[in-house]
Amino acid sequence: MSYDFDWVDAFSDVVFGGNGCAVVHGGADLPDAVCMAYVRETSLVECTFTGPSDVADVRVRYFLASREIPFAGHPTVATVMALRARGLVTDGPLTLETQAGVIPVEVTGDHVKMTQIAPTFGPTVPADIVAAVGGIAPDDIVGQPQVVSTGLPFCVTVLKDRATLERLKFDVDALRSFSTFLGQPDTDMMEPFWVTLSGATDHGDTFSRLLLAPPSPPEDAFTGSATGAMAAYLWAQGMIPEPAFVAEQGHGMGRPGRASVKVLGERDAITGVEVSGQGALVMSGKAFLS
């Protein structure tokens, strides 16, 4: 069977920036194995598969090369931009059915604002266990790393400076120890999200990296779901003076990405996180899947 697809670079206003995602329209009922194989074929980190919904405007399924995940940020921006490019949605409010719940979205031209769910603050992780995953020293970490989710869990880890961020070196064996500490199975490992409290450019307030384990590509260019979790953590911990800021990621990969972020609610009573970004359509076509 053939399915229309669109490839969109999310959190960028130009092609080859931000993070790419292929959106397979009408593919939500495809078998999991086919969806994962499609992701591997594209060499992207994630792809989405859409379909009708009884509880929202559109149903969206999110896949890595290794598994389905409940939610992801840059694929949400990409999906909405793909729907808009085909005239399937217009400017205004939109709701997406995901495994993380119904996600409200606001569309304005090539801008998409998603409201991620209220954060869940999970366990803290000793600095030495997290540091080993990135090949750095425990005292390179500021504060206490903590697992936070606004739809997908990440261990938010703040680093002391950009130089430390740039010299991270991923250690798969240390990731297994990290995942064992958290009680995660090998098939459901979630990597740390590394953050510095200064931008990659003068426009940014934070700069982040997400290093990935195989079979995914080695690094994610922009991670919208982790950005929401990071924002909630920084606001709750008093590490940022204001709830609204600009997050940057991907510059070291030659794929600069940027998001406007706003944490909703007081530091001790966060109700959600708004993450906004642009999207640029790269290519469209048909995928022959079964």
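Located above this text is the structure these notes cover.
(A) Highlighting the nonpolar core. F11, L96, V105, M114, M230 and V261 are the most contacted members of the largest nonpolar core, which totals 55 residues. Among the elements that make up this core, the one with the highest residue count is helix α6 (residues 224-236) (8 residues). Ignoring any residue separated from it by four or fewer positions in sequence, one finds L96 in contact with A56, V58, V60, T76, V80, G101, V102, I103 and V105. Judged by nonpolar contacts, the second largest core, of 19 residues, contains L168, W194, A200 and F207.

(B) Here's a closer look at the pairing of strand β1 (residues 2-10). β1 sits mainly inside the fold: 7 of its 9 residues count as buried. When β1 meets strand β17 (residues 269-288), the two strands line up antiparallel, connected through 9 bridges. In the strand pairing of β17, D9 is matched with A280. Pairing between β1 and strand β2 (residues 19-24): 6 bridges, direction antiparallel. Within β2, the residue paired with W7 across the bridge is A22.

(C) Examining the environment of D161 more closely. Within the secondary structure layout, D161 lies in the loop between β11 (153-159) and α4 (162-166). In sequence terms D161 and D140 are 21 residues apart; their C-alpha atoms lie 8.1 Å from each other. A distance of 3.4 Å separates a polar atom in the side chain of D161 from the backbone nitrogen of A163.

(D) Inspection of the packing of aromatic side chains at higher detail. In total, this model carries 5 aromatic pairs according to the counting rule given. Site record: aromatic cluster; members linked through ring pairs are Y38, F49 and F63.

(E) Here's a closer look at helix α3 (residues 127-134). Of all the residues in α3, the buried ones are V130, A131, V133 and G134. Looking straight down α3, one finds its buried side chains confined to an arc of 150 degrees; they lie on one side. In the core, the buried residues of α3 are packed alongside β10 (141-149), β11, α5 (172-182) and β12 (192-196). Once α3 ends, the next one or two residues include G135, with phi positive near 65 degrees.

Criteria and cut-off values
Residues numbered from 1 in each chain as written. Predicted model: local features only at pLDDT ≥ 70, side-chain atom pairs only at ≥ 80, totals over all residues. Heavy atoms only, no water. Core = buried A, V, L, I, M, F, W, Y, C linked by side-chain atoms within 4.5 Å. Buried < 20%, exposed > 50% of the residue type's maximum accessible area, 1.4 Å probe, protein only. Helix = DSSP H or I, 4+ residues; strand = E, 2+ residues; numbered from the N terminus. Contact = heavy atoms within 4.5 Å. Pairing = 2+ DSSP bridges. Polar contact = N/O pair within 3.5 Å; in protein donor to acceptor, adjacent residues only side chain to side chain. Phe/Tyr/Trp six-rings, centres within 6.5 Å; stacked < 30°, edge-to-face > 60°. Arc of directions from axis to C-beta.

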